[in-house]
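Listed here are the chains, written in short residue letters.
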Amino acid sequence: YWIDIDRKKLKEFPDDDTLLSQEIELFSDSDSDNKTNINKNLTYIEKTLLSIWTHSIGTSEIEINDNFYDLGGHSMMAVQILSKIKEALHVEIEIANLFQYPTIRTLAEFLTSNTNSVNHEEDMVDKRMQKKRDSISSRRSKRLQNDDS
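1. Here we look at the overall build of the protein
Inference 1: Secondary structure assignment for the protein yields six helices and zero strands.
Inference 2: Tracing the protein from N to C terminus, the helices and strands come up as α-α-α-α-α-α.
Inference 3: Within the protein, the proportion of its 149 residues that are buried is 23%.
Inference 4: Put simply, of all contacts in the protein between residues at least 6 apart along the chain, 58% involve residues at least 24 apart.

Below, the structure written as structure tokens:
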């Protein structure tokens, strides 16, 4: 096989000083100020989620609009995060919710809008469990009364 090679001169690469100045511009303080402004005035739920994500993902460079999966999150980490959310906020959510609401902001909005219904569901389960316990207790006491007679 014959391969034709193009022998044109390549473009000049920038020198190290130019590259360094470009990197400095990319990662300037204005960017970090921007992140600070985005993460200012957070709600309690957003602060809690930010703390959980920071510890789980292992970086402090997280904004509330960053996607969990773009930050390196995966299914096992998601399960750990959901467990921490349940422990910190006393709310149980499904892993599917993390797929639907993959940023701190969207997840916090979901939790805020559904907290009342989640708490209501927990209350209903607690009431059903209490009724069941009362029923079992009542049957036991009736059996004990019948056995005594």
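2. Focus: unusual backbone geometry
Inference 1: With a phi close to 55 degrees, His 90 is a non-glycine residue in the positive phi region.
Inference 2: The topology assignment puts His 90 in the loop between α4 (75-89) and α5 (95-100).
Inference 3: For His 90, a relative accessible area of 56% corresponds to the exposed category.

3. Quick look at the packing of aromatic side chains
Two aromatic rings are characterised by how far apart their centres lie and by the angle between their planes.
Inference 1: Considering all chains together, one arrives at four aromatic pairs under this definition.
Inference 2: With 5.2 Å between their ring centres and 10 degrees between their planes, Tyr 69 and Phe 99 make a pair best called stacked. With a gap of 30 residues between them, Tyr 69 in the loop between α3 (44-57) and α4 and Phe 99 in helix α5 connect regions that are remote in the sequence.
Inference 3: Among the aromatic residues, ring-to-ring pairing joins Trp 53, Phe 68, Tyr 69 and Phe 99 into one connected group.

4. What about a nonpolar patch on the surface?
Inference 1: There is a patch of nonpolar side chains on the surface, built from Val 79, Ile 95 and Phe 99 and spanning about 270 Å² of accessible area.
Inference 2: Checked against the element boundaries, Ile 95 lands in helix α5.

5. Digging into the nonpolar core
Inference 1: Of all hydrophobic cores here, the largest spans 24 residues; its most connected members are Leu 49, Trp 53, Phe 68, Ile 85, Ile 93, Leu 107 and Leu 111.
Inference 2: If you list the elements that add at least two residues to this core, you get α3, α4 and α6 (104-148).
Inference 3: Residues contacting Leu 111, with those up to four places away along its chain left out, are Ile 45, Leu 49, Ile 85, Leu 89, Val 91 and Ile 93.

6. Notes on the pattern of salt bridges
Side chains that differ in charge, positive against negative, can pair when their charged atoms come close.
Inference 1: Applying the stated criterion across every chain, the model contains one salt bridge.
Inference 2: Two residues, Lys 86 and Glu 92, come together in a salt bridge whose shortest N-O distance is 3.1 Å.

Calculation criteria
- Residues numbered from 1 in each chain as written.
- Predicted model: local features only at pLDDT ≥ 70, side-chain atom pairs only at ≥ 80, totals over all residues.
- Heavy atoms only, no water.
- Helix = DSSP H or I, 4+ residues; strand = E, 2+ residues; numbered from the N terminus.
- Buried < 20%, exposed > 50% of the residue type's maximum accessible area, 1.4 Å probe, protein only.
- Contact = heavy atoms within 4.5 Å.
- Phe/Tyr/Trp six-rings, centres within 6.5 Å; stacked < 30°, edge-to-face > 60°.
- Patch = residues over 30% accessible without salt bridge, like charges linked within 9 Å, V, L, I, M, F, W, Y side chains within 5 Å.
- Areas by Shrake-Rupley, 256 points an atom, 1.4 Å probe, with all protein chains shown as cover.
- Salt bridge = Lys/Arg side-chain N within 4 Å of Asp/Glu carboxyl O.
- Core = buried A, V, L, I, M, F, W, Y, C linked by side-chain atoms within 4.5 Å.

Functional significance is not addressed by these values, which are geometric in nature.
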